Amino acid sequence: MIAHRGHHFLLVVNAATKDADADHLLRTLTPAGCIVRPETRRALLALQGPAAEQVLEPFARGCDIMKFLDTGIFSSDYGELWVSRSGYSVMATSTPENA
């Protein structure tokens, strides 16, 4: 999953291949002048199913109005949540120190 965050991109890769993916991105994009910074201080939670938005809404107020492929940053009692919407899944990440 890729999200355009204004001045940078956020790329979520499969956990099983994250090291190989990071190596590939570093080898491929760094010579092209891109800065690749693996984010290791976040956790991913993927909520799936028709009730995903209702489950996440109490933690990320306003996520219920997100449309397909929207991304957003929401304040919560647990810190900043990065939320993306794909299909009826909603994914949220938060830094461990805020969890």
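Residues numbered from 1 in each chain as written. Predicted model: local features only at pLDDT ≥ 70, side-chain atom pairs only at ≥ 80, totals over all residues. Heavy atoms only, no water.

**A word on a nonpolar patch on the surface**
Line of reasoning, step 1. Side chains of Ile2, Phe9, Leu11 and Val13 sit close together on the surface and give an oily, nonpolar patch of about 390 Å² of accessible area.
Line of reasoning, step 2. Mapped onto the elements of the fold, Leu11 is located in strand E2 (residues 9–11).
Line of reasoning, step 3. Relative accessible area serves as the criterion here: at 39%, Leu11 is assigned to the partly exposed category. (Patch = residues over 30% accessible without salt bridge, like charges linked within 9 Å, V, L, I, M, F, W, Y side chains within 5 Å. Areas by Shrake-Rupley, 256 points an atom, 1.4 Å probe, with all protein chains shown as cover. Salt bridge = Lys/Arg side-chain N within 4 Å of Asp/Glu carboxyl O. Helix = DSSP H or I, 4+ residues; strand = E, 2+ residues; numbered from the N terminus. Buried < 20%, exposed > 50% of the residue type's maximum accessible area, 1.4 Å probe, protein only.)

**A look at the nonpolar core**
Line of reasoning, step 1. Core analysis: the largest hydrophobic core is formed by 9 residues, namely Leu47, Ala52, Leu56, Ala60, Cys63, Met66, Phe74, Leu81 and Val83.
Line of reasoning, step 2. Residue assignment for this core shows that the elements contributing at least two residues are helix H2 (52–56) and strand E5 (79–86). (Core = buried A, V, L, I, M, F, W, Y, C linked by side-chain atoms within 4.5 Å.)

**Focus: unusual backbone geometry**
Line of reasoning, step 1. Despite not being glycine, Leu69 has its phi angle at roughly 70 degrees, a positive value.
Line of reasoning, step 2. A residue is classified by how much of its surface remains accessible, and Leu69, at 55% relative accessible area, is exposed.

**Structural notes on the side chain of Glu57**
Line of reasoning, step 1. With respect to the helices and strands, Glu57 occurs in the loop between H2 and strand E4 (71–76).
Line of reasoning, step 2. Despite being buried, Glu57 has no salt bridge partner; Arg61 is the closest side chain of opposite charge, sitting 4.1 Å away.
Line of reasoning, step 3. If we skip the residues at most four places from it in the chain, Glu57 touches Gly62, Cys63 and Asp64. (Lys, Arg positive; Asp, Glu negative; His and termini not counted. Contact = heavy atoms within 4.5 Å.)

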